[in-house]
Amino acid sequence: TNRPTLTLIDGSSYIFRAYHAIRTELSTSKGLPTRAVFGFTRMLLKSLREASPTHVAVVWDRDGKALRQRIDPQYKAHRPPAPEDLKQQFPWIRKVVDALAVPSVEKEGWEADDVIATLTRQAVERGFDVVIVTGDKDFSQLVGDHVRLYDGMLDRWTGPAEVEAKWGVPPEKFVEMQALIGDAIDNVPGVPGVGTKTAADLVTRFGSVEGVIEACEAGELGRKKVEAAICEAKDRLARNKELVRLRDDVELDVGPEDLKRRQPAPGPVQQLFRELEFYALLRELPAVLPTLEGEAAEEAEGAEPPPEAFPVPPVEIVTDEAAFEALLERIRAAERGGL
C-alpha cells in the first residue's frame with residue numbers, strides 16, 4: 001500500500017531460533033562462538049531486504065516474565081538458562097544491530113511480545129502497515145488488515161486468511177482458542193483432551209472462553225468428557241486468557257514515528273563483519289541499504305551527506321589448475337606477510 005511500513009523484529013525469540021537452527025558449531029579463528037550471531041544477522045539482513053520497511057526496530061525482552069508470573073508462578077518456570085556459549089554471543093548480536101543502524105526497543109519489566117503489541121496498535125492507529133518478524137504463533141492474535149507476520153527463517157508470510165486456515169479461528173478469536181489449548185512452550189496448561197480442532201469448534205460456537213464456560217455449566221457442549229474437563233478447568237481458563245493475551249498498553253519512550261530506518265555507515269559494518277569473519281554476508285549488504293524516497297538532503301539542514309555504498313568484495317573464478325596454483329601461491333605469500 002501507500003502507507004509507511006513499520007517492521008518489528010522479535011529479537012529475543014530469534015536469537016534462540018538462530019542458535020538452535022544451525023546445527024554446525026561456528027566460531028572465529030580466535031575461538032569466539034558465532035552460531036547465533038551469524039543466524040540472527042542473516043535473518044536481520046533478509047528481513048530488511050524482504051519487508052522493505054520505512055521504519056524498523058528490534059524489540060528485546062527486559063525481565064518481562066515477572067508480570068505474568070504474578071498471575072501464575074509457573075509461567076515459563078521450566079525454561080533452562082541459556083547455554084554459556086550463547087551468552088557470549090548476546091553482546092555481539094547487539095553490536096550487529098547497532099552497526100546496521102537499526103533501533104532497539106525494550107521496556108524494563110515487560111516481554112518483547114507486549115512491546116511489539118503496543119507499537120503495532122500505535123502504528124496501525126497512525127496509518128502504518130506493520131510487519132512483525134517472528135516465528136512465534138502468539139503473534140497471530142495481532143494479525144489484521146494492516147498487520148502481517150513474516151518468518152525470515154522459513155520465508156513465510158502470515159495474514160488473516162493464513163491464521164484462520166491454520167488454527168480454525170480468525171485472529172481476533174485466537175486468544176480464546178489458545179486459552180483452551182494452553183501453551184506448552186510457556187508452561188501454560190490447556191484443558192486435557194481439548195486440542196486445536198475442538199477448541200476452534202467451541203470458540204466458533206460459543207464466541208469466547210466465557211461463553212464456553214457458560215455453555216459447559218448449562219450442559220450445552222454436547223460432549224460429556226470435554227464438558228467435564230472444561231468445567232473442572234474453568235478457574236484455570238481465566239488465568240490462561242490473561243497469560244496468553246498480549247498487552248498493548250505498555251508505556252514507551254518511543255513511538256512508531258521515532259523508528260525511521262536510517263542509513264548505516266559502511267566502515268563500522270564492514271569492520272564488525274570482518275571481525276566476526278562473516279565474509280559471505282558482506283556481499284548481501286548492498287541489497288539491504290535503505291533507499292527511502294522523498295528524503296532529499298535539504299530536508300535536514302546541516303545533515304551529513306549519505307555514506308557511499310558498500311563495495312562488494314572482489315570475486316575471482318578459478319577455472320583451471322594453473323589459475324588454482326597461482327591463487328594458492330598468493331595465499332601463501334599473504335600468510336608469510338602476516339596478513
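Whatever comes next refers back to the structure up there.
Residues numbered from 1 in each chain as written. Predicted model: local features only at pLDDT ≥ 70, side-chain atom pairs only at ≥ 80, totals over all residues. Heavy atoms only, no water.

> I tried to follow the overall build of the protein on my own but got confused; where do I start?
Across its full length, the protein carries 16 helices and 8 strands. Within the protein, the fraction of its 339 residues that count as buried is 45%. Long-range pairs, those at least 24 residues apart, make up 73% of the contacts in the protein with a sequence separation of at least 6. When the accessible surface of the protein is totalled, it reaches about 17,900 Å², and 51% of it is carbon and sulfur. (Helix = DSSP H or I, 4+ residues; strand = E, 2+ residues; numbered from the N terminus. Buried < 20%, exposed > 50% of the residue type's maximum accessible area, 1.4 Å probe, protein only. Contact = heavy atoms within 4.5 Å. Areas by Shrake-Rupley, 256 points an atom, 1.4 Å probe, with all protein chains shown as cover.)

> Please explain the state of the cysteines as it appears in this structure.
Two cysteines, two sulfur atoms, one covalent bond between them: this is a disulfide. Following the criterion strictly, the structure yields 1 disulfide and no others. The disulfide partner of Cys216 is Cys231, and the gap between their sulfur atoms is 1.9 Å. Disulfide Cys216 to Cys231: torsion about the S-S bond roughly -135°, handedness left-handed. Of the two residues, Cys216 sits in helix 10 (residues 209-217) while Cys231 sits in helix 11 (residues 224-232), which places them 15 residues apart along the sequence. (Disulfide = S-S within 2.5 Å.)

> Which parts of the structure should I look at to understand helix 6 (residues 112-125)?
Structural remark: α-helix, 3.6 residues per turn; residues separated by three or four positions point the same way. With 14 residues, helix 6 ought to run about 20 Å at 1.5 Å a step, and its terminal C-alpha atoms sit 20 Å apart, in line with that. Within helix 6, 11 of the 14 residues are buried, which leaves it mostly tucked inside the rest of the structure. Restricting attention to buried positions, one finds in helix 6 the residues Ala112, Asp113, Asp114, Val115, Ile116, Ala117, Thr118, Leu119, Thr120, Gln122 and Ala123. Directly beyond the C-terminal end of helix 6, a positive phi value near 95° is found at Gly127. (Expected span 1.5 Å × (residues − 1).)

> Just checking my understanding: could you explain the nonpolar core for this structure?
The nonpolar side chains of a soluble globular protein tend to be buried, and buried together. Membership of the largest hydrophobic core comes to 49 residues, with the highest contact counts inside it found for Leu8, Ile132, Leu180, Val191 and Ile230. It is helix 6 that contributes the most residues to this core, 6 residues altogether. Non-local contacts of Val191, meaning those with residues more than four positions away in its chain, are made with Leu180, Ala229, Ile230, Ala233 and Leu237. Counting residues in each nonpolar core, the second largest holds 39 residues, with Ala18, Leu32, Ala82 and Val131 among its members. (Core = buried A, V, L, I, M, F, W, Y, C linked by side-chain atoms within 4.5 Å.)

> Looking at this model, I keep getting lost on the packing of aromatic side chains. Mind explaining?
To describe a pair of aromatic rings, you give the distance between the ring centres and the angle between the ring planes. Tallying each qualifying case throughout the model produces 6 aromatic pairs. Between Phe273 and Phe278 the ring centres are 6.1 Å apart and the planes differ by 70°, which places this aromatic pair in the edge-to-face class. For Phe273, a relative accessible area of 0% translates into the label buried. Classification of Phe278 by relative accessible area gives buried; the value is 3%. Through pairs of rings, three or more aromatic residues link up here, namely Phe38, Phe273 and Phe278. Looking at Arg35, its charged tip hangs above the ring of Tyr19, at a distance of 4.0 Å from the centre. Over the ring of Trp92 we find Lys95; its NZ or CZ atom is 3.9 Å from the centre of that ring. (Phe/Tyr/Trp six-rings, centres within 6.5 Å; stacked < 30°, edge-to-face > 60°. Lys NZ or Arg CZ within 6 Å of the ring centre and 35° of its normal.)

Read these as geometric descriptors, not functional statements.
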